[in-house]
Amino acid sequence: AWEEGRVAFNSFFTILNTATGLKDELTLMPPAGPNQIKEYGRNIRRYNEFMKKTKLCQNRGGPTLSAAWGQLMVSGYLQDSCGVEPLEGYFFQ
């Protein structure tokens, strides 16, 4: 079942890459095996860090509440009060 899903997922990404004219913009998922993570090119450390920051943000009440609390404190510089990087930076590694 996983292999069928992977093939369908890859064909969907191939169609999107072709339709947008952006060759290999969306990386296809390699077949299962010992080198799958290495071949896919995603960084497991960045994923774990992203999930940790997302959970911390949720514990602070989410981006909206966290931003409201952040505005109450004067810090001298503007930053994302949740600390979660923009998704473009995560997905385009």
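**Quick word on helix 1 (residues 2-20)**
Stage number 1. Relative to the 27 Å expected for 19 residues at 1.5 Å per residue, helix 1 spans 27 Å between its end C-alpha atoms, a close match to the ideal helical length.
Stage number 2. Within the sequence span of helix 1, burial applies to R6, N10, F13 and N17. The arc that holds the buried residues of helix 1, viewed along the axis, is 65°, so those residues lie on one side. Of the exposed residues in helix 1, the ones pointing more than 90 degrees away from its buried face are E4, I15, T18 and A19.
Stage number 3. Looking one or two residues past helix 1, G21 carries a phi angle of roughly 80°, positive in sign.

**Observations regarding the side chain of R6**
Stage number 1. Mapped onto the fold, R6 is located in helix 1.
Stage number 2. If we ignore the near neighbours within four places in the chain, the residues touching R6 are M29, P30 and P31.

**Brief notes about the packing of aromatic side chains**
Stage number 1. Evaluation of the coordinates by the stated rule reveals two aromatic pairs.
Stage number 2. Measuring from ring centre to ring centre gives 4.3 Å for F9 and F13, while their planes differ by 45°; the resulting arrangement is tilted. Pair noted here: F9 and F13 are both in helix 1, with a separation of four residues, about one helical turn.
Stage number 3. Judged by its relative accessible area of 30%, F9 falls in the partly exposed class.
Stage number 4. A relative accessible area of 14% places F13 in the buried class.

**Observations regarding the pattern of salt bridges**
Stage number 1. All chains considered together, the criterion is met by one salt bridge.
Stage number 2. Between R6 and E3 there is a salt bridge whose closest N-O contact spans 2.5 Å. Taken together, the residues span about one helical turn, with R6 and E3 both in helix 1 at a distance of three residues.
Stage number 3. On the basis of relative accessible area, R6 is assigned to the buried category, the value being 11%.
Stage number 4. You can call E3 partly exposed: its relative accessible area is 36%.

Conventions we followed
- Residues numbered from 1 in each chain as written.
- Predicted model: local features only at pLDDT ≥ 70, side-chain atom pairs only at ≥ 80, totals over all residues.
- Heavy atoms only, no water.
- Helix = DSSP H or I, 4+ residues; strand = E, 2+ residues; numbered from the N terminus.
- Expected span 1.5 Å × (residues − 1).
- Buried < 20%, exposed > 50% of the residue type's maximum accessible area, 1.4 Å probe, protein only.
- Arc of directions from axis to C-beta.
- Contact = heavy atoms within 4.5 Å.
- Phe/Tyr/Trp six-rings, centres within 6.5 Å; stacked < 30°, edge-to-face > 60°.
- Salt bridge = Lys/Arg side-chain N within 4 Å of Asp/Glu carboxyl O.

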